[in-house]
Structure formats: C-alpha cells, structure tokens
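Okay, here's what each chain looks like letter by letter:
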Amino acid sequence: MTSTSKPSLAFLASPKPGALAAKERLEQRYGSVSVYDADIIIALGGDGLMLDALHTSISTGAQVYGMNFGSVGFLMNDFHEDNLIERIAAAEPARIRPLRASGEDIHHNAFEALAINEVSLLRETRQTAKIKIRIDDKDRLAELQADGVLVATPAGSTAYNLSAHGPILPLDSKVLALTPISAFRPRRWRGALLPHTVKVSFEVCEPSYRPVSAVADNKEFREIVRVDVEEASDITLTMLFDSDRNLSERILAEQFES
C-alpha cells in the first residue's frame, strides 16, 4: 500500500448483533477482502476481538484498527461509520511485540504459543501451585506458593495483570511485568519489573500432585512441567489509534483512575 492508494480492508466482528450489522454496512460502503489479503483489519468488538485480529495479523503483516462494540474497549477506537478511510490515514500507530511461550507437560509433549497480553500459569485444582522462577537461567525464587503467576507485556499490563494488582506499564517502557496471582508465600512478594530482553523460566514443583496449566492469551496447555517465556523479537504488530484514543495516553491516564 502506498501513501496515496486506498488500503484494502477486511472486517472482523464479534457475535453481537450490532457488530455484525455494522460489519455488513461497512463492507457494502467501503468494500472488503479476505483477512489474508488485507492491508488493514477492522475489528468490530471488544479487546478480545482485537487480540484475535492481532493474532491473525502475525501471519499476514496487516495493521489492525479496532472500533468498540464491547464493554471496556481499552484497545479500541470509538465506533463511527463515516470517514473511515480518512480516520485510518490519520491514525497513530502503536507497535508491540508478543511473548513466545514454550514448554513441556507431564507427558513429555512440547508446546509453543504466542501471547500479546500475557502468559499465565494457573493452578488446576484446589491444591496451591508451587513454582520455581528463574530469570536468564539464574534462580530468583526457589518456590512461589500461589494460585499462579503471569508475565505481561506493556500492552497487556492493563488486562489480567492489573486485576492481579500488577503494575501498569507505559507502552514504550521496554519492560515486562512478573506478577504473582494470590501469593501465599513469599507473603509480601509483589512481583518484579524485568527488562524486555530476559528469558523467564517457570518450573512446576510436584506437577502431578499440584497440576498447573499455562495460558498464552486464549491458548491453554494443561499439566505442564515447565515453560519458558521470552519476547518474540522477530515479530512486530501494529495497532492504529485515533489521535484522541492514543494508547500511551490511556495507559498513563489509567494509573490515576480510582
């Protein structure tokens, strides 16, 4: 796509009737192509749909412009049908990199997945999870006893990470949040801020007695033994925001919300 050409658009919509109806109207008005042929993916829904669109863009290189039909829509622009091409042309890009999680379960099955928001480890039963944490192959926490633990990107720091009382990260901060989920021991450990270049390694203690799952955004792997988490430095994703919906400004403003 050149600076003067009209971008090819693909529309994705959540199952909500309003979003589906808007998708049909926008396709008739602006034309549409397959998501695999699009310059821009227009996501009509909430933040969950934005994540789906971003995962699709990993293989296509398309930029993603979201319009809110969800409840919060932190990653979305306001919905308007008019002047869509002009809004896209004037939009500000926010570039992010996902996390790559790789590991193994108790049956020696390997797994790998990408996460745009976070990689979380969660206890599967009533038994408290016990997890060893290494950073760049150096032991940092011999045993975390908790419901779980997560690694969040700056873009994902306002999602599950924030609900788990983790820090909100500016989009350009080049750090990751390591946040415990309902920690029991160490009692006062609140997590850590890590350089975005590190490898975070988790080893599950007593994995058969205390089963733990690993979740990378919407992909779950059960009864894991270990998982390594690193920034996928070979992948860059682009979200587009109206000037009044700048993501960096919203992340800053979120820290002063009551």
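Residues numbered from 1 in each chain as written. Predicted model: local features only at pLDDT ≥ 70, side-chain atom pairs only at ≥ 80, totals over all residues. Heavy atoms only, no water.

## Considerations on the pattern of salt bridges
Moving on, step 1. In total, this model carries 15 salt bridges according to the counting rule given.
Moving on, step 2. For D82, the salt bridge identified is with R29, shortest N-O distance 2.9 Å. Of this pair, D82 sits in the loop between β3 (63-68) and α3 (84-90) while R29 sits in helix α1 (residues 17-30), placing them 53 residues apart in sequence.
Moving on, step 3. For D82, a relative accessible area of 44% puts it in the partly exposed group.
Moving on, step 4. Put simply, R222 and E124 hold a salt bridge, and the shortest N to O gap is 3.2 Å. Of the two residues, R222 sits in the loop between β14 (219-221) and β15 (224-231) while E124 sits in the loop between β7 (118-123) and β8 (129-135), which places them 98 residues apart along the sequence.
Moving on, step 5. The structure contains a network of salt bridges with shared partners spanning R100, E112 and D234. (Salt bridge = Lys/Arg side-chain N within 4 Å of Asp/Glu carboxyl O. Helix = DSSP H or I, 4+ residues; strand = E, 2+ residues; numbered from the N terminus. Buried < 20%, exposed > 50% of the residue type's maximum accessible area, 1.4 Å probe, protein only.)

## Some words on the side chain of E118
Moving on, step 1. With respect to the helices, strands and loops of the structure, E118 is situated in strand β7.
Moving on, step 2. There is no salt bridge for the buried E118, and the closest opposite charge comes from K219, which lies 14 Å off by N-O distance.
Moving on, step 3. Sequence-distant contacts of E118, that is, excluding residues within four places in its chain, are made with L99, L150, V151, A152, G156, A159, Y160, V215, A216 and D217. (Lys, Arg positive; Asp, Glu negative; His and termini not counted. Contact = heavy atoms within 4.5 Å.)

## Overview of unusual backbone geometry
Moving on, step 1. Following R185, the chain continues to P186 via a peptide bond in cis, the omega torsion being -10 degrees.
Moving on, step 2. Take P186: it is sitting in the loop between β10 (175-185) and β11 (192-195).
Moving on, step 3. Of note, the phi angle at D137 is positive, near 65 degrees, even though the residue is not glycine.
Moving on, step 4. Not every positive phi belongs to a glycine, and S182 is a case in point at roughly 50 degrees.
Moving on, step 5. As for its position among the elements, S182 is in strand β10.

## Describing the pairing of strand β13 (residues 212-216)
Moving on, step 1. Within β13, five of the five residues are buried, leaving the element largely enclosed by the surrounding structure.
Moving on, step 2. A two-sided burial pattern is seen for β13, the buried positions comprising V212, A214 and A216 on one face and S213 and V215 on the other.
Moving on, step 3. Here five bridges tie β7 to β13, and the two strands are oriented antiparallel to one another. Note on β13: the bridge partner recorded for R123 is V212.
Moving on, step 4. Between the end of β13 and the start of β14, which pair antiparallel, lie two residues, with D217 showing a positive phi angle near 55 degrees. (Pairing = 2+ DSSP bridges.)

## Points about the layout of surface pockets
Moving on, step 1. Looking at the largest pocket, its volume works out to about 360 Å³.
Moving on, step 2. In this structure, the largest pocket is lined by 15 residues; those nearest its centre are R95, I96, R97, L171 and K174.
Moving on, step 3. Elements that contribute at least two residues to the lining of the largest pocket include exactly β4 (92-96) and β10. (1 Å grid on protein atoms, 1.4 Å probe; cavity = no way out; pocket = protein on both sides within 12 Å on 5 of 7 lines; lining within 4 Å. Points joined across faces, edges and corners; volume = space filled by probe spheres on them.)

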